[in-house]
Amino acid sequence: MTSRKSKGQPYEPGTVPAPGMLLDWRDARHFDARQDRPCTLCLRPTPMRSHAGEAVHKVCAESWLAANPVEARPSRFANDLQAKRRSDTGHA
Ligand SMILES: [Zn+2]
């Protein structure tokens, strides 16, 4: 485990998208504008971060999820928690 400073409350991952589905990373904390770090998957610099603080492109995380069967992925990359649910009115 890496030691890393976190201020404020941790934000927890939500559900893991089904293979082929896109991650829902709307939270600004997925984007670290201060620093690019090598993506854990493709090794190119990225400002994107997973919930665990791993540097990873969103597309790389999505590819990883698509490439790994559900049993093999311990929710490494997950959607943001949905804070509140809208009533289902059919809006996108
Ligand atoms: Zn990448």
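Everything numeric in this text was worked out from a predicted model, so none of it was measured. (Residues numbered from 1 in each chain as written. Predicted model: local features only at pLDDT ≥ 70, side-chain atom pairs only at ≥ 80, totals over all residues. Heavy atoms only, no water.)

A. Representation of the overall build of the protein chain in the model. Assigned secondary structure in the protein chain consists of one helix and two strands. When the helices and strands of the protein chain are read in sequence order from the N terminus, they spell out β-β-α. Relative to its full complement of 92 residues, the protein chain shows a buried share of 30%. For the protein chain, restricting intrachain contacts to residue pairs at least 6 apart in sequence, the fraction spanning at least 24 positions comes to 49%. (Helix = DSSP H or I, 4+ residues; strand = E, 2+ residues; numbered from the N terminus. Buried < 20%, exposed > 50% of the residue type's maximum accessible area, 1.4 Å probe, protein only. Contact = heavy atoms within 4.5 Å.)

B. Geometry of the coordination of the zinc ion. Looking at the metal site, the zinc ion is ligated by Cys39 (SG), Cys42 (SG), His57 (ND1) and Cys60 (SG), spaced 2.0 to 2.4 Å from it. Each donor residue of the zinc ion lies on the same chain, and together they follow the pattern C-x2-C-x14-H-x2-C. Linking Cys39 in the loop between β1 (37-38) and β2 (45-46) with His57 in the loop between β2 and α1 (58-67), this pair joins segments that are 18 residues apart in sequence. Exposure class is identical for Cys39 and His57. Each is buried. (Donors = N, O, S within 2.8 Å, 3.2 Å for Na, K, Ca; no water.)

C. Up close: the pattern of salt bridges. Within this structure, the stated rule accounts for six salt bridges. Linking Asp24 and Arg26 is a salt bridge whose minimum nitrogen-to-oxygen distance equals 2.8 Å. Asp24 gets classed as buried once you look at its relative accessible area, which sits at 15%. Ionic pairing is found between Arg34 and Asp32, a salt bridge with its closest N-O pair at 3.1 Å. By relative accessible area, Arg34 is classed as exposed at 75%. The structure contains a network of salt bridges with shared partners spanning Asp32, Arg34 and Arg49. (Salt bridge = Lys/Arg side-chain N within 4 Å of Asp/Glu carboxyl O.)

D. Broad picture of the nonpolar core. Counting residues in each nonpolar core, the largest one holds 10 residues, listed as Leu23, Trp25, Cys39, Met48, Val56, Cys60, Ala61, Trp64, Leu65 and Phe77. Not counting residues up to four positions away in its chain, the partners in contact with Val56 are Trp25, Cys39, Thr40, Leu41, Thr46, Met48, Arg49, Ser50, Ala61 and Phe77. (Core = buried A, V, L, I, M, F, W, Y, C linked by side-chain atoms within 4.5 Å.)

E. Molecular detail of the packing of aromatic side chains. Applying the stated criterion to the full structure yields one aromatic pair. Each ring, one from Trp64 and one from Phe77, has its centre 5.4 Å from the other, and the planes form 90 degrees; the classification is edge-to-face. Here the residue Trp64 occupies a position in helix α1, and Phe77 occupies one in the segment after α1, the gap between them amounting to 13 residues. A relative accessible area of 16% places Trp64 in the buried class. Positioned over the ring face of Trp64 is Arg76, at 5.0 Å from the centre of the ring. (Phe/Tyr/Trp six-rings, centres within 6.5 Å; stacked < 30°, edge-to-face > 60°. Lys NZ or Arg CZ within 6 Å of the ring centre and 35° of its normal.)

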